[in-house]
Amino acid sequence: VQLVESGGGLVQPGGSLRLSCAASGFTFIHYTMSWYRQAPGKERELVVGITSGGGTTNYADFVKGRFTISRDNGKNTVYLQMNSLKPEDTAVYFCHARHIRLSQYNYWGQGTQVTVSS
C-alpha cells in the first residue's frame, strides 16, 4: 500500500498550490480519502474529506471557500486545490485513506510540506 503526495512547496500569501496523492496497493474506490495537515508544535487536523464516489465532501471551516478536494477514481488519485493561501496554512499536508466499512483499514502518506511566506 502506498500513498504518495506531491505538489507542495513555497508560495507567497494569496498564491495557489495543487497537491496530489497517488494511491496504489488497495481498491481506491472503496476508500474515503482525506487531507490532514500538521503545523509545527500543533496536532494533526482534518482539512477535508471526500467520499468514495466523490459525491460528498466535508471541509474544515478554516479552508471553506479557499480549498477544493477532488478525486479521479480512474487514476487512483486525490487532489487538493489550495487558493488564497495564508501564512497560517503552512504545514505538512498528509493524504489519508479509510475503508468505507472497515475503518481498521486506513493508510497515511508521508506528507508534503506547504510553506506560505513572503
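Data block above holds the structure.
First, a word on what this report is: a plain description of the structure on this page. Just so it is clear, the structure is predicted and the values come from calculations on it, not from any experiment.

1. Focus on the state of the cysteines
What makes a disulfide is a covalent bond joining the sulfur atoms belonging to two cysteines. Tallied over the entire structure, the rule returns one disulfide. Put simply, Cys 21 and Cys 95 are joined by a disulfide, and their sulfur atoms are 2.1 Å apart. Measuring the twist about the S-S bond at about -80°, one finds the Cys 21-Cys 95 disulfide to be left-handed. Of this pair, Cys 21 sits in strand S3 (residues 17-24) while Cys 95 sits in strand S9 (residues 91-99), and the two are 74 residues apart along the sequence. In terms of burial, Cys 21 and Cys 95 fall into one category: buried.

2. With respect to the nonpolar core
Formed by 28 residues in total, the largest nonpolar core has its most connected members in Met 33, Trp 35, Val 78, Leu 80, Met 82 and Tyr 93. Secondary structure elements with two or more residues in this core: S3, strand S4 (31-38), strand S5 (45-50), strand S7 (67-72), strand S8 (77-82), S9 and strand S11 (112-116). For Tyr 93, the residues in contact, after removing those within four places along its chain, are Glu 5, Leu 19, Trp 35, Tyr 36, Arg 37, Val 47, Phe 67, Leu 80, Met 82, Gly 111, Thr 112 and Val 114.

3. Some details on the environment of Thr 57
Relative to the helices and strands, Thr 57 is located in strand S6 (residues 57-59). It is 20 Å that separates the C-alpha atoms of Thr 57 and Gln 38, two residues lying 19 residues apart in sequence. Look past the residues within four positions of Thr 57 in its chain and what remains in contact with it is Gly 49, Ile 50 and Ile 69.

4. Quick notes on the pairing of S7
Only one face of S7 is covered, namely the face carrying Phe 67, Ile 69 and Arg 71; the face carrying Thr 68, Ser 70 and Asp 72 is uncovered. Where S7 lies against S8, six bridges are found, and the strand directions are antiparallel. Along S8, the bridge assignment pairs Asp 72 with Thr 77.

5. Brief notes about the packing of aromatic side chains
In the structure shown here, the tally under the stated rule is six aromatic pairs. Seen from their ring centres, Phe 26 and Phe 28 are 6.5 Å apart, and the 40° between their planes marks the pair as tilted. You'll find Phe 26 and Phe 28 in the same group, each marked buried. Seen in terms of ring centroids, Phe 94 and Trp 108 are 6.4 Å apart; in terms of plane orientation they differ by 90°. Their pairing is edge-to-face. Here Trp 108 lies in strand S10 (residues 106-108) and Phe 94 lies in strand S9, a separation of 14 residues in the sequence. Classification of Phe 94 as buried rests on a relative accessible area of 9%. A relative accessible area of 37% places Trp 108 in the partly exposed class. Each residue in the set Phe 26, Phe 28, Tyr 31 and Tyr 107 is aromatic and connected to the rest through ring pairs, giving one cluster. Note that Arg 18 overlies the ring of Tyr 79, its terminal NZ or CZ placed 4.0 Å from the centroid.

6. Points about the sheet that holds S3
Spatial ordering of the open sheet is given by S1-S3-S8-S7, a layout of four strands whose pairing is antiparallel. Strands at the two margins of the open sheet, each flanked by one partner only, are strand S1 (2-6) and S7. Going across the sheet, the axis of each strand differs from the next one's by a mean of 15°, ignoring polarity. Here six bridges tie S3 to S8, and the two strands are oriented antiparallel to one another. Within S8, the position partnered with Cys 21 by the bridge is Val 78.

So, how was this worked out
- Residues numbered from 1 in each chain as written.
- Predicted model: local features only at pLDDT ≥ 70, side-chain atom pairs only at ≥ 80, totals over all residues.
- Heavy atoms only, no water.
- Disulfide = S-S within 2.5 Å.
- Helix = DSSP H or I, 4+ residues; strand = E, 2+ residues; numbered from the N terminus.
- Buried < 20%, exposed > 50% of the residue type's maximum accessible area, 1.4 Å probe, protein only.
- Core = buried A, V, L, I, M, F, W, Y, C linked by side-chain atoms within 4.5 Å.
- Contact = heavy atoms within 4.5 Å.
- Pairing = 2+ DSSP bridges.
- Phe/Tyr/Trp six-rings, centres within 6.5 Å; stacked < 30°, edge-to-face > 60°.
- Lys NZ or Arg CZ within 6 Å of the ring centre and 35° of its normal.
- Axes fitted to C-alpha atoms, helices over the stretch in contact; angles between N-to-C directions.

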